[in-house]
Amino acid sequence: MTDAAWIDGALTSARPQAVGALLRYFRDLDTAEEAFQNACLRALKSWPQNGPPRDPAAWLIMVGRNVAIDDIRRSRRQEPLPEDEAISDLDDAEEQLAERLDGSHYRDDILRLLFICCHPDLPATQQIALALRIVSGLTVKQIARAFLVSEAAMEQRITRAKARVAGADVAFETPGAAERSERLAAVAAMIYLIFNEGYSAGGDTAEVRAPLCEEAIRLARLLLRLFQSEPEIMGLTALLLLQHARTAARFDAAGALVLLDDQDRSLWNQKMIAEGLALIDKAVRHRQSGPYQIQAAVAALHARAAKPEDTDWAQIDLLYGALEIMQPSPVVTLNRAVAVSKVRGAQAALDMVEPLGERLSNYFHFFGVRGAFLMQLGRNEEARIAFDRAIALANTSAEAAHIRMHLDRLMRDSAPHGAKAK
Amino acid sequence: MLYAILCYNDEDSVGSWTREQDAAVMKKLAVVQDGLTKQGRLGPVARLLPTTSATTLRKDDPPVVLDGPYAETKEQLLGFYIVDCKDLDAALDVARDLGAANPGGAYEIRPVGLFQPGAIAK
């Protein structure tokens, strides 16, 4: 049975491998993409009639390559069009090709394809848009919707990004070990960016942006299947799963952000949590820690706590301490301070974040967290100033609404005792 | 005779089902399973986590632990165990013990996502 949904799914999952191989062959992104599109059109005609091929990706690579070569030849000499049959009838050839292109070849093809999208000249948003278009095969319309911009604007953004990478020098030889691990790190960072683009959405847009999170997880799993023994890729995949597991509990009915402590934990997706925890288990065996594994371990400690008060904050403090050494950043220290406030109190936490003020002077979370510590210490006026600043810096309406809730509480608490609402 | 029914499918496409699609399939399966349970004919049912969560123990001497699922084609599936373990290391310890008793071949260790113990009538 070859129904439309099956073909659609097969084309989507073959895409990174097929476009990656075609890119290695033609060394030009547009030609590779067009070749893949042509192969897909032929698949839509051929598969329902002849049944699906044993290896859809190999079929698409073969047909895409043949069609593109014919196009090139035709443009040189005015030759008659080849018969469709001649191009698509390649049972034997397909088998040969599948054998020749073994797993390790595919692996570097897909990695290269992803790596091209992480070109350092491209701003993060363009990297993401390009990866979603080229690797994931999302339509410009889908991507524009997820980014909340017009289709025309997204089209332009992708065209520009493509032009940039077209001029870039990318090695097509099989990468060496050092180069491969560099590429892997860049690609992992980009996948995390895709995820965060979806995850940081406000409640009003969370639904249209959720596909970004799902796509990031799909790409992380793909990468993990290609590089099965990389603990950081296990960590990345676990991190995304454990964070995404909380999606249903992160916003209330009105679209306001619900903090971890206040979330209805019965809404957490236990299947994703189980998979995330299993991946951390695998990663730990390698005794080769890294930033994604540590962040995943933090997420796992939250996932394991049935109630907020069960959370092992002391362990989270230690993990963030390790992350601070590995990847020093004021944002990591800020996260650690939240754990410290639970273990050693608000004053210790405040002492920790005060030196960050200069570097985080435009960071919403800094003022939100600092305000919360000040509030816990009863320094309400200072807390109010911090919260005001946070609202001014909020990225989404959900963030602003959340801080306003704190402010309302402050106003109530600061009111004269007789007037205090009870 | 007891029969094992092993489930094969493309994990990418099954994994990309929405929660609603997944629930719909599970509901239809439950109808079939409930019928078997009432007749006392259904044994344990397990849904495994994706192959990315798999680890393989090659029962060589000494045994070798590899990340990822069992990927060879020269050996065939001959049986399986379901064991309660606190983590992957504990599961690997069990597999090593089993492997010492019966060397050769490999064990693929996969976390179980969903488990129904079932009840076969004696």
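Analysis parameters
Residues numbered from 1 in each chain as written. Chains lettered and ligands numbered in written order. Predicted model: local features only at pLDDT ≥ 70, side-chain atom pairs only at ≥ 80, totals over all residues. Helix = DSSP H or I, 4+ residues; strand = E, 2+ residues; numbered from the N terminus. Buried ≥ 20, exposed ≤ 12 C-beta atoms within 10 Å, placed from the backbone. Contact = placed C-beta atoms within 7 Å. Nonpolar A, V, L, I, M, F, W, Y, C, P; charged D, E, K, R; others polar. Core = buried A, V, L, I, M, F, W, Y, C linked by C-beta atoms within 7 Å. Pairing = 2+ DSSP bridges. Axes fitted to C-alpha atoms, helices over the stretch in contact; angles between N-to-C directions.

## Some words on the overall build of chain B
When helices and strands are tallied, chain B shows three helices and five strands. If you list the helices and strands of chain B from N to C, you get α-α-β-β-β-α-β-β. Projected onto its principal axes, the C-alpha coordinates of chain B cover approximately 45 × 40 × 30 Å. For chain B, with 122 residues in total, the buried portion stands at 15%. By sequence separation, contacts in chain B at least 24 residues apart represent 71% of the contacts at least 6 residues apart.

## Comments concerning the interface of chain A and chain B
On the chain B side, the residues contacting the 17 residues of chain A number 15 residues. Take the side of chain A that touches chain B: its biggest share by element is seven residues, from helix 13 (residues 270–284) of chain A. Here the side of chain A that touches chain B is composed, by residue class, of four nonpolar, five polar and eight charged.

## Re unusual backbone geometry
In the segment running from Asp61 of chain B into Pro62 of chain B, the intervening peptide bond is cis, with an omega of 0 degrees. Along the chain, Pro62 of chain B falls in the loop between strand 2 (55–58) and strand 3 (64–67). In this structure, Arg27 of chain A is a non-glycine residue whose phi angle is positive, near 55 degrees. For Arg27 of chain A, the location among the structural elements is in the loop between helix 1 (4–26) and helix 2 (29–50). Phi is positive for Arg287 of chain A, which is not a glycine, with a value near 45 degrees. Examined against the element boundaries, Arg287 of chain A turns out to sit in the loop between helix 13 and helix 14 (291–304).

## Points about the environment of Ile385 of chain A
Its location among the elements puts Ile385 of chain A in helix 19 (residues 380–393). Expressed as a C-alpha distance, the spacing of Ile385 of chain A and Val258 of chain A, which sit 127 residues apart in the sequence, is 23 Å.

## Considerations on the nonpolar core
As a rule of thumb, nonpolar side chains are buried together in soluble globular proteins. One finds Leu60, Ala131, Val187, Ile191, Ala216 and Leu242 of chain A to be the most contacted residues of the largest nonpolar core, which totals 117 residues. For this core, the leading source of residues is helix 11 (residues 206–226) of chain A, giving ten residues. What Val187 of chain A contacts, discounting residues up to four positions off in sequence, is Leu111, Leu114, Phe115, Cys118 and Leu223 of chain A. With eight residues, the next largest nonpolar core counts Ala54, Leu57, Ala95 and Ile109 of chain B among its residues.

## What about the sheet that holds strand 2 of chain B?
All names here are of chain B. Ordered in space as 3-2-4, the three strands form an open sheet in which the pairing is antiparallel. One side of each edge strand has no neighbouring strand; the edge strands of this open sheet are strand 3 and strand 4 (106–109). Here the average twist between neighbouring strands, direction ignored, is 20 degrees. Relative to strand 4, helix 3 (residues 88–101) is tilted by about 160 degrees, and along the sheet it contacts strand 2, strand 3 and strand 4.

Just geometry here; none of it tells us what the structure is for.
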